[in-house]
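# Fold and geometry: a report
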Amino acid sequence: MRRIVQALTDKGLHIESIKEGLTFTGEDSPMAKLMLSVMGATLAKQRGAYRGRKRAISDKDLQKLKLKDRVASGEKKAQVARSFGISREILYQYLRVGS
């Protein structure tokens, strides 16, 4: 969004955002630049640009691994996490969800 506004203002156009009460002229204030960045981030989030990281272990693999059984049998959580290349926090998340 910022690039679009910059390209338009470089051509001599003035852009006014009525809702936010901002005017972009090419010589914008730091506050106007910040608001433009925030609006761009909001639009990116709405279109699904921020989905998060892919899960390290799929649901199918989780069922096979039986993490709860391994932890219940006395295996240390840190050791279980290391064996799958995940952090203990991620292991705790998987344990809360169920396996």
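Sequence order as written defines residue numbering, which begins from 1 separately in each chain. Reporting in this predicted model follows two pLDDT cut-offs: at least 70 for local features of residues, and 80 or more for side-chain atom pairs to be given and counted; totals over whole chains, interfaces and linings ignore these cut-offs and use all residues. Side-chain metrics in this entry use all non-hydrogen atoms of the structure; hydrogen atoms and water are not considered.

Next up on the list: the nonpolar core. Listed in full, the 10 residues of the largest apolar core are I57, L62, L67, V71, V80, A81, I86, L91, Y94 and L95. Numbering of helices and strands starts at the N terminus; helices are DSSP runs of H or I of at least 4 residues and strands are runs of E of at least 2. Among the elements of the structure, α4 (67-72), α5 (77-84) and α6 (88-97) are those that each provide at least two residues to this core. The dominant element in this core, judged by the number of residues it contributes, is α6, at 3 residues. In this text, buried Ala, Val, Leu, Ile, Met, Phe, Trp, Tyr and Cys residues form a nonpolar core when linked through side-chain atoms within 4.5 Å. Here the term buried applies to any residue with accessible area under 20% of the maximum for its type, exposed to any over 50%, and partly exposed to those in between, with areas from a 1.4 Å probe on protein chains only. Membership of the second largest hydrophobic core comes to 6 residues, among which are L22, F24, A32 and M39.

Attention now goes to the pattern of salt bridges. Counted as salt bridges are all cases of a side-chain nitrogen of Lys or Arg within 4 Å of a carboxyl oxygen of Asp or Glu. All chains considered together, the criterion is met by 2 salt bridges. Close ionic contact of R70 with E75 constitutes a salt bridge, the shortest N to O distance being 2.8 Å. According to the relative accessible area criterion, R70 is partly exposed, its value standing at 25%. Exposure remark for E75: the relative accessible area of 22% places this residue in the partly exposed category.

To continue, consider the layout of surface pockets. Summary: where empty space remains is shown by rolling a probe the size of a single water molecule over the atoms. Both cavities and pockets are sets of points on a 1 Å grid over the protein atoms alone; in a cavity a 1.4 Å probe fits but cannot get out, in a pocket the set is open with protein on both sides within 12 Å along at least five of seven lines, and lining residues sit with an atom within 4 Å of a point. Grid points are joined across faces, edges and corners, and a volume is the space filled by probe spheres set on the points. In this structure, the largest pocket spans a volume of roughly 220 Å³. For the lining of the largest pocket, the class distribution of residues is 5 nonpolar, 3 polar and 3 charged. Polarity classes work like this: nonpolar for Ala, Val, Leu, Ile, Met, Phe, Trp, Tyr, Cys and Pro, charged for Asp, Glu, Lys and Arg, and polar for all others, with Gly in that last group.

Attention now moves to the environment of R51. Mapped onto the fold, R51 is located in the loop between α2 (30-46) and α3 (59-65). Of the residues examined, R51 reaches a relative accessible area of 74% and is grouped as exposed. C-alpha of R51 to C-alpha of K68: the two residues are 17 residues apart in sequence and 27 Å apart in space.

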